[in-house]
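Here is how the chains run, residue by residue.
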Amino acid sequence: MEVWGRLPPPELGNTIGTKSLSKEGSDKHSPCGDTSNNSSSPPPEGINFMKFHIEFEKPVFILPIAYRSPHHVRLSIQHGIISNQFRAERVRQHPHDQWFNDCAVRFAGLQIHSWLGQPLSRTLAPPDGAAAGGGGITMRAHVRWPIGPTAPLVLPKWVIDCSFSD
């Protein structure tokens, strides 16, 4: 299944809700288009927020190795979540609050395979008494970047923290 998306028009505000896409036909609803922020400081004029929370089950991502090549890397994931929130905090360069978009990514049961189907990722053998199989790698990432009119003045621009575990 291919999924294509686009942002909702601004006039819909935070009234949009979408069904979770999964092969099991889950009826969970996820909020989309929420424009709230997680700070007591009001945003400056001209800055809008778009909060997102995306959950998916058993997707497969196929990433090409090179342009026009049949070779690829296949990422299989048991469950994934991508969400964000906005925060304001003081930074040394400015006398006012700077707004940041904090994006969290979590993939559970990540398995990586070559175009031939050979596994490129390994996990440690499960401890005695644990269920064998399935498994996979858990990946957690946190990406943060400044937003607003003073964002170009904030250094470092992008802060990325990523960890893997099995």
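See the structure shown above.
The rules behind the values
- Residues numbered from 1 in each chain as written.
- Predicted model: local features only at pLDDT ≥ 70, side-chain atom pairs only at ≥ 80, totals over all residues.
- Heavy atoms only, no water.
- Helix = DSSP H or I, 4+ residues; strand = E, 2+ residues; numbered from the N terminus.
- Buried < 20%, exposed > 50% of the residue type's maximum accessible area, 1.4 Å probe, protein only.
- Contact = heavy atoms within 4.5 Å.
- Areas by Shrake-Rupley, 256 points an atom, 1.4 Å probe, with all protein chains shown as cover.
- Polar contact = N/O pair within 3.5 Å; in protein donor to acceptor, adjacent residues only side chain to side chain.

Draft legend 1. View of the overall build of the protein. Across its full length, the protein holds zero helices and nine strands. Secondary structure elements in the protein, listed N-terminal to C-terminal, are β-β-β-β-β-β-β-β-β. Residues counted as buried form 28% of the 166 residues belonging to the protein. Counted over contacts in the protein with a minimum sequence separation of 6, partners at least 24 positions apart contribute 54%. As displayed, the protein offers around 11,800 Å² of accessible surface, 58% of which is attributable to carbon and sulfur atoms.

Draft legend 2. Expanded view of the side chain of Asp102. Topologically, Asp102 is positioned in strand S7 (residues 97–114). Given the relative accessible area of 7%, Asp102 is considered buried. A distance of 3.0 Å separates a polar atom in the side chain of Asp102 from a polar atom in the side chain of Arg87. Discounting residues that sit within four places of it in the chain, Asp102 has contacts with Ser83, Asn84, Gln85, Arg87, His142, Val143 and Arg144.

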